[in-house]
Amino acid sequence: MRKVRILPSENLTGLKQTAPSHKAAGMKGVTVAMKHLSQELGLWDGLRLMAKVNQPGGVDCPGCAWPDPEQRSRLFEYCENGAKAIAEEATRKRVDAVFFAQHSVQELSTWSDYEIGKSGRITEPMYLAPDSSHYTPVSWDEALGMIASHLKGITPEKAVFYTSGRTSNETAYLYQLMVRAYGTNNMPDCSNMCHESSGVGLSETVGIGKGSVTLQDIYEAEVIMVVGQNPGTNHPRMLSALQKCKVNGGKIIHVNPLPEVGTERFVDPQSPLDILKGGAKIADHWLPVRINGDIALFKLLMLGLLEAEERNPGHVLDREFIEQHTEGFDRFRQALLQTDKAQALKDCGLTEAELKPVIEALAEKRKIIICWAMGITQQRNGVQNVREIVNLLLMKGSIGKPGAGTCPVRGHSNVQGDRTMGIYEKPAASFLDALDRHHQIDSPKEYGFDTVEAIEAMNQGEVSFFMGMGGNFISATPDTQLTGEAMQKCDLTVQVSTKLNRSHLVTGKKALILPCLGRTEQDVQNGKMQFQTVENSMGVVHRTKGSIAPASAHLKSEVSIVCGIARLLIGETAALQWSMWEHDYDKIREQIEAVIPGFDDFNRRVRNPQGFLLPNGARERQFNTPNAKANFSVNELPPVDPQEARFVMMTIRSHDQYNTTIYGLNDRYRGVINERRVVLMNKEDMQQLGIKERELVDLESIFKGERRHAPSFHAVPYNIPRFCVATYFPEANPLVPLKSTAKWSNTPSSKFVEVNILKKSI
Ligand SMILES: Nc1nc2c(c(=O)[nH]1)N[C@H]1C(S)=C(S)[C@@H](COP(=O)(O)OP(=O)(O)OC[C@H]3O[C@@H](n4cnc5c(=O)[nH]c(N)nc54)[C@H](O)[C@@H]3O)O[C@H]1N2
Ligand SMILES: Nc1nc2c(c(=O)[nH]1)N[C@H]1C(S)=C(S)[C@@H](COP(=O)(O)OP(=O)(O)OC[C@H]3O[C@@H](n4cnc5c(=O)[nH]c(N)nc54)[C@H](O)[C@@H]3O)O[C@H]1N2
Ligand SMILES: [Mo]
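Chains are numbered independently. Their residues run from 1 in the order of the written sequence. Key to labels: chains lettered from A, ligands numbered from 1, both in the order written. Owing to the predicted nature of the model, reporting of local features is limited to residues with pLDDT of at least 70; listing and counting of side-chain atom pairs is limited to 80 or more, with chain, interface and lining totals taken over all residues. The side-chain values count all of the structure's non-hydrogen atoms but skip hydrogen atoms and water molecules.

**Regarding the domain arrangement of the protein chain**
- With domains assigned, the protein chain is organised as domain 1 (90-193 + 415-613), domain 2 (197-408) and domain 3 (647-759).
- Computed over C-alpha atoms, the centres of domain 1 and domain 3 are 31 Å apart.
- Between two residues, a contact is recorded if the distance between any of their heavy atoms is within 4.5 Å. Contact residues are listed per partner, giving 19 residues for domain 1 and 18 residues for domain 3.
- Values labelled buried area give the accessible surface lost by two parts on being combined, using a 1.4 Å probe and summing over both. Buried surface at the junction of domain 1 and domain 3, summed over both partners, amounts to about 1600 Å²; 57% is from carbon and sulfur atoms.
- We define a salt bridge as a contact between a side-chain nitrogen of Lys or Arg and a carboxyl oxygen of Asp or Glu at a distance within 4 Å. Linking domain 1 with domain 3 are two salt bridges.
- The partner of aspartate 479 in a salt bridge is arginine 708, and the shortest N-O contact between them spans 2.8 Å.
- For this analysis, a polar contact is any N or O atom pair within 3.5 Å, provided that within protein one partner can donate a hydrogen and the other can accept it, and provided that sequence-adjacent residues contribute only side-chain to side-chain pairs. Applying the counting criterion to the domain 1 and domain 3 interface returns ten residue pairs in polar contact (both at pLDDT 80 or more).
- To qualify as a helix, a DSSP run of H or I must reach at least 4 residues; to qualify as a strand, a run of E must reach at least 2; elements of each kind are numbered from the N terminus. Residue assignment for the side of domain 1 that touches domain 3 shows that the elements contributing at least two residues are α6 (113-118), α23 (451-459), α24 (473-476) and α25 (480-488).
- Of all the elements, α23 adds the most residues to the side of domain 1 that touches domain 3, at four residues. The domain limits used here are those given by an automatic or database domain assignment.

Below you can see the structure in the form of structure tokens.
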């Protein structure tokens, strides 16, 4: 048997530290962006490419799902981290047959994720035969044939088809169609680990699993709460929108255990005046909540609103909205009044004095938006977190009117679109009916595996085939060792990828790498340049079109790869014309229009430079819930103190990574330089344990008595609440228990891992 290393490298790279920064973006951001572009593809080509990013008719930045403003800046509409994402994809480095001949899979598996990713773009299909040590080239025909014949030889429920959120609408639609025509709903996706809790929590309360606001609403809001999100790093273009809101008189409230620089000060790199002034303050209030203290905090804020309403009846709550559009207010109010206030204060770790100005701001204003991301969703009570956010908005009637509403800030640039296209293990019956009718297939009706269930099934030996449409399943999922061993039990694993990653090294008995075109590259089919479409975080569907020559002549588009497999696996029929769709993406859009509501006249409307907005009931106060109302909910105070270990650990992103893709080793804003194996700790906790600054410690997580271990992290004193610590993912993923997931959404609780910090024995 091939022996590969499953766990990420534990080698240290040499920690240096600087003072944490208090300003985001600015000229430093511009110079870092230039450095990444020039290292990967040369400065001139880099700038030429970047001029097309997020411009009408150009390429949609693969960095994040934040929408583009209508008035785009004339030249550049991207950010430092968008430039890094583009540089990473458009790199001139290549992983070709020679590279694979030189390096065995076993050797590559000992490299760090940073080194693996930096090797470059994959240039041709590669095959790893059973027991062989090296990948060897394989033709497209052989590779696609191998997949189809493997799938034909097993029952469909033994196959798993994963999707990462960069996949375009066109690919996603055809992929799910092929998988359902084949006979399974086993379609886990990155959303299961990301905003699933938002989807579940929002659907049941306001009838749509997506946010309700547009960019214009952000500009017009009177109060914006940014909860459990680090926009300075992960959605930098959001800072310009927040700044605009502030210029219009809005207040920003940041709820986060960490100060997170982007919400402190933002220097708009496109404004020379801003640079001279040293930027603008963004957050009016920062509430340094304890990890998972958000429900406690929201309850205290909402109690404050009830009290304010009593003092000033009819001026704080939106009674008319509550009566006309909601259900469950009285029950919610009664339960809220029962809250143990002292316990809630202890749980959120904040003082009444800190809460007072925030309650006042919320009481006075009626146009409130709450934005949130992973600090909220990746908790065992992630769905309840979202429901509490909705409760507050409903009390204020702050939904379905200008300047107000829900804003789950999505991660991957098309993760929302993929769901709209049917990438979902629990498809609605109405969706399957429409799909079946239009394509004359018989989709399976039983639900498929989500990400965690897929890993469990693989581990039980129930899965023989795994295909990843993008992404890096091994490194993105919890419990790396277990997941790796589970993957190794598959007979054939297939990764459709642009760049090399750990999921190409920790594989089934046989493995294939199918290299595909990236967003930035020209996609020519049948002699004609094609474009694809994506949906951003606010439900705007628009085009994306690459402009540079493909990294290799042997790459296929994701659409072609799906059509190639489907032709062999499913075959062509009058209602399944894979070859026609492959040759002309307009024809795929016609299928989407016929099956999915909201896409009328798709091909014409998407040619509008701004794209078009999908229908959204909550935005119109049409709540598509069973009772046609927005629903208040009652949620308990969840445990915030660790039960089995001493600390609660959140696993977060540094400023130099895109999920499992490591751009560099610096977390510049937090002052952590040249090292990713760090654990950010409160100074007093370090003193109590007798741990010195930068001392190397081991981490041990405990869940239901099971212990997981990860060695060698530098302890770094940081402004973080006591008993809370932070590490980076994917390095810390070996510590995240697979079964510690959110109720109802089954999202791994990557922001709540109970750990002990162990001094190294000398
Ligand atoms: N450059 C860059 N951009 C990205 C990504 C990337 O990796 N790099 N990833 C993309 C993806 S897929 C996603 S989903 C998004 C992720 O965007 P974020 O959600 O901003 O990403 P995280 O780093 O996971 O940050 C979570 C934030 O929540 C805070 N937090 C943790 N626990 C709690 C809690 O209990 N309560 C509160 N209130 N806060 C908490 C953390 O301190 C941190 O600031 O970004 C997208 N954009
Ligand atoms: N502990 C912990 N774990 C987490 C998280 C966390 O906060 N903490 N966050 C979770 C979240 S929010 C998410 S979204 C997941 C992310 O999980 P994934 O989406 O699975 O992971 P990525 O790192 O985004 O995937 C990167 C790989 O995608 C491939 N790729 C890039 N562009 C393209 C393309 O255009 N086409 C194709 N086919 N492939 C491409 C490249 O080969 C690259 O190596 O991770 C989750 N895991
Ligand atoms: Mo995500």
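**Focus on the packing of helix α14 (residues 294-311) against helix α20 (residues 382-395)**
- Interaxial angle, 0 to 180 degrees, is taken between N-to-C directions of lines fitted to C-alpha atoms, where a helix line uses only the stretch in contact. Contact geometry for α14 and α20: axes closest at 10 Å, N-to-C directions at 15°. Relative to α20, α14 is oriented roughly parallel. In the packing of α14 onto α20, the handedness of the crossing is left-handed. Where α14 approaches α20, its residues Ile295, Phe298, Lys299, Leu301, Met302, Leu305 and Leu306 are matched on the opposing element by Gln384, Asn385, Glu388, Ile389, Asn391, Leu392 and Met395. Should an angle lie under 35 degrees it is considered roughly parallel, over 145 roughly antiparallel, and from 65 to 115 roughly perpendicular; all remaining angles are considered oblique. With the far helix as reference, a near helix turned anticlockwise by less than a right angle produces a left-handed crossing, and one turned clockwise produces a right-handed crossing.

**Comments concerning the packing of aromatic side chains**
- Under the pairing criterion, centres of Phe, Tyr and Trp rings, with the six-membered ring standing for Trp, must be within 6.5 Å; the plane angle then separates stacked pairs below 30 degrees from edge-to-face pairs above 60, leaving the rest tilted. Following the criterion strictly, the structure yields 18 aromatic pairs and no others.
- A ring pair is formed by phenylalanine 161 and tyrosine 175, whose centres lie 6.2 Å apart and whose planes are at 80°; its orientation type is edge-to-face. Of this pair, phenylalanine 161 sits in strand β7 (residues 159-163) while tyrosine 175 sits in helix α8 (residues 169-182), and the two are 14 residues apart along the sequence.
- For phenylalanine 161, a relative accessible area of 1% gives the class buried.
- Between tyrosine 162 and phenylalanine 473, the ring centres sit 4.9 Å apart and the planes meet at 75°, which makes this aromatic pair edge-to-face. With tyrosine 162 in strand β7 and phenylalanine 473 in helix α24, this residue pair connects regions lying 311 residues apart in the sequence. Here the two residues tyrosine 162 and phenylalanine 473 agree in accessibility, since each one is buried. Think of it in three bands: residues with accessible area under 20% of the maximum for their type are buried, residues over 50% are exposed, and the middle band is partly exposed, with areas taken using a 1.4 Å probe on protein chains only.

**Focus: α20**
- By this rule the span expected of a helix is its residue count minus one, scaled by 1.5 Å. For α20, with 14 residues, the first-to-last C-alpha span of 20 Å sits near the 20 Å given by 1.5 Å per residue.
- By the criterion of burial, α20 is predominantly enclosed, with 14 of the 14 residues buried.
- Residue glycine 397 follows α20 closely and has a positive phi angle near 60°.

**Re the environment of glutamine 334**
- Counting through the fold element by element, glutamine 334 comes out in helix α16 (residues 329-337).
- Measuring from C-alpha to C-alpha, the distance between glutamine 334 and valine 634 comes to 9.5 Å, with 300 residues separating the pair along the chain.

**Notes on the sheet that holds strand β2 (residues 24-25)**
- Pairing between two strands requires that DSSP report at least two bridges joining them. Strands sit in the order β2-β10-β11 across an open sheet of three strands; the sheet is mixed. One side of each edge strand has no neighbouring strand; the edge strands of this open sheet are β2 and β11 (280-281).
- The pairing of β2 with strand β10 (residues 265-267) spans two bridges and is parallel. Its bridge partner lying in β10, alanine 24 is registered against phenylalanine 266.

**Focus on the site of ligand 1**
- Near residues are defined by distance, with any heavy atom within 4 Å of the molecule or strand qualifying the residue. Within the structure, ligand 1 sits among 33 residues, and Glu260, Asn292, Asp294, Gln657 and Asn659 are positioned closest to it.
- A distance of 3.2 Å separates a nitrogen atom of ligand 1 from a polar atom in the backbone of threonine 233.
- Within the backbone of asparagine 659, one N or O atom sits 2.7 Å away from an oxygen atom of ligand 1.
- For ligand 1, whose free accessible area comes to 920 Å², the fraction covered by protein is 99%.
- Those elements that place two or more of their residues in the shell around ligand 1 are α11 (231-234), α19 (374-377), β25 (647-652) and β26 (657-658).
- Three classes are used, and their members are as follows: Ala, Val, Leu, Ile, Met, Phe, Trp, Tyr, Cys and Pro are nonpolar, Asp, Glu, Lys and Arg are charged, and the others, Gly among them, are polar. Here the shell around ligand 1 is composed, by residue class, of 13 nonpolar, 16 polar and four charged.
- Looking at which domains feed residues into the shell around ligand 1, each of domain 2 (197-408) and domain 3 (647-759) gives three or more. Note on areas: Shrake-Rupley, 1.4 Å probe, and residue coverage restricted to the protein chains presented here.

**Some points on helix α12 (residues 237-247)**
- Of all the positions in α12, only Arg237, Met238, Leu239, Ala241, Leu242, Gln243 and Cys245 are classed as buried.
- Taken from the residues just after α12, glycine 249 is the one with a positive phi, measuring 100°.

**Considerations on the site of ligand 2**
- Neighbouring ligand 2 are 30 residues, the closest being Tyr162, Ala476, Glu558, Thr660 and Asn733.
- At 3.3 Å, a side-chain N or O of threonine 498 approaches a nitrogen atom of ligand 2.
- Interatomic distance of 2.6 Å between a side-chain N/O atom of threonine 660 and an oxygen atom of ligand 2.
- Contact with the protein chains hides 96% of the accessible area of ligand 2, taken as 930 Å² for the molecule alone.
- Across the shell around ligand 2, the residue classes break down as ten nonpolar, 15 polar and five charged.

**A look at the nonpolar core**
- Here, nonpolar core means buried Ala, Val, Leu, Ile, Met, Phe, Trp, Tyr and Cys residues that are tied together by side-chain atoms lying within 4.5 Å of each other. Counting 59 residues, the largest nonpolar core has Phe161, Tyr173, Met178, Phe465, Leu512 and Leu514 as the members making the most contacts within it.
- Broken down by element, this core gets its largest block of residues, eight residues, from α8.
- Beyond its immediate stretch of four places on either side in the chain, methionine 178 contacts Phe161, Val562, Ile565, Ala566, Leu569, Ile570 and Trp578.
- Among the nonpolar cores identified, the runner-up in size contains 53 residues, and Val358, Leu362, Ile389 and Met395 belong to it.

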